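Observations on the model geometry
Chain residues, written in single-letter form:
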Amino acid sequence: HPWGRRTAGQELRGCRGGGGALPPGDEFEGMIWAGYNAAALTRRLRPGVAALLASANELGGRIALATGHSQPSLGDHLVRLGIDHYFDEIVTAAEVARGKPAPDIFLLAAQRLGVASEECLVFEDSPHGCTAALAAGMTVIACPSTVTAHCDFPAGVRIVESLAHFSLPSLG
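The present account deals with the structure reproduced in this document.

Here is what the cut-offs are and how they apply
- Residues numbered from 1 in each chain as written.
- Predicted model: local features only at pLDDT ≥ 70, side-chain atom pairs only at ≥ 80, totals over all residues.
- Heavy atoms only, no water.
- Helix = DSSP H or I, 4+ residues; strand = E, 2+ residues; numbered from the N terminus.
- Buried < 20%, exposed > 50% of the residue type's maximum accessible area, 1.4 Å probe, protein only.
- Contact = heavy atoms within 4.5 Å.
- Pairing = 2+ DSSP bridges.
- Polar contact = N/O pair within 3.5 Å; in protein donor to acceptor, adjacent residues only side chain to side chain.
- Phe/Tyr/Trp six-rings, centres within 6.5 Å; stacked < 30°, edge-to-face > 60°.
- Core = buried A, V, L, I, M, F, W, Y, C linked by side-chain atoms within 4.5 Å.

This part covers the overall build of the protein. On a plain count of helices and strands, the protein comes out with 6 helices and 5 strands. Each helix and strand of the protein, placed in order from N terminus to C terminus, yields the pattern α-α-α-β-α-β-α-β-α-β-β. Counting the 172 residues in the protein, one finds 38% classified as buried. Partitioning the intrachain contacts of the protein with sequence separation of at least 6 by distance along the chain shows that 54% fall at a separation of at least 24.

Given below as structure tokens:
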């Protein structure tokens, strides 16, 4: 159904320019998560992320992370990356009835921050995340990853190639 949880395999099947046929659903999903878990220990922040978080913090912004990852492993990654202290709230897909592209996770994040969804700025790297944030009434900036670079992003999002040269005051 349209707002049900989508797997990583379903997300990637919606992208264009992939490397050909994908393995069957469960097999492909297992490959994705096995690769994700192995790579997570060496994963680095994308360029500009730390500076963007620091800037939002300096400007007095409250920051939430709305993610499909589970809280225990996520916390370890945020600490390892040195950015755990920036987040006022962390909302995971396990806390909402419907995952992205439903707006639930973003609406809960705004509620926990105590702000109207219309006042929120969302940075996303996936089309389904962008769709969810737009459905929540939020402003969305998409910075596609190497995985989602060939995906079609919804109308209404601002797409940037990198956050390295992006600054929050540039939004004004």
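As summarised here, the arrangement of the 3 strands in space is 3-4-5, forming an open sheet in which the pairing is parallel. The open sheet has two edge strands, strand 3 (121-124) and strand 5 (158-159), and neither has a second partner. Direction of pairing for strand 4 (residues 139-142) relative to strand 5: parallel, over a ladder of 2 bridges. Paired with Ala-142 across the strands is Ile-159, a residue of strand 5.

The subject of this paragraph is the environment of Arg-112. Here Arg-112 shows up in helix 5 (residues 104-113). With 22 residues separating them in the primary sequence, Arg-112 and Ile-90 have C-alpha atoms 9.1 Å apart. The residues touching Arg-112, leaving out its near neighbours within four places in the chain, are Arg-62, Glu-89, Ile-90, Val-91 and Glu-95. Within the structure, Arg-112 has its side chain in polar contact with the backbone oxygen of Ile-90 (distance 3.4 Å).

Turning our attention to the packing of aromatic side chains. Within this structure, the stated rule accounts for 1 aromatic pair. Note on Phe-123 and Phe-166: the rings are 5.6 Å apart at their centroids and 80° apart in plane angle, and the pair reads as edge-to-face. Of this pair, Phe-123 sits in strand 3 while Phe-166 is found in the segment after strand 5, placing the two residues 43 residues apart along the sequence. For Phe-166, a relative accessible area of 10% gives the class buried.

As for its position among the elements, Asp-104 is in helix 5. If near-sequence neighbours (up to four positions away) are discounted, Asp-104 is found in contact with Val-96, Ala-97 and Arg-98.

Right, let's get into the nonpolar core. Phe-106 and Met-138 are the most contacted members of the largest nonpolar core, which totals 20 residues. Elements that contribute at least two residues to this core include exactly helix 5, helix 6 (127-135) and strand 4. Per-element tally for this core: the top contributor is helix 5, with 5 residues. Among residues more than four places away in sequence, those in contact with Met-138 are Phe-106, Leu-107, Ala-110, Ser-117, Cys-120, Val-122 and Ala-133. Counting 18 residues, the second largest nonpolar core, distinct from the first, contains Leu-52, Leu-53, Phe-166 and Leu-168.

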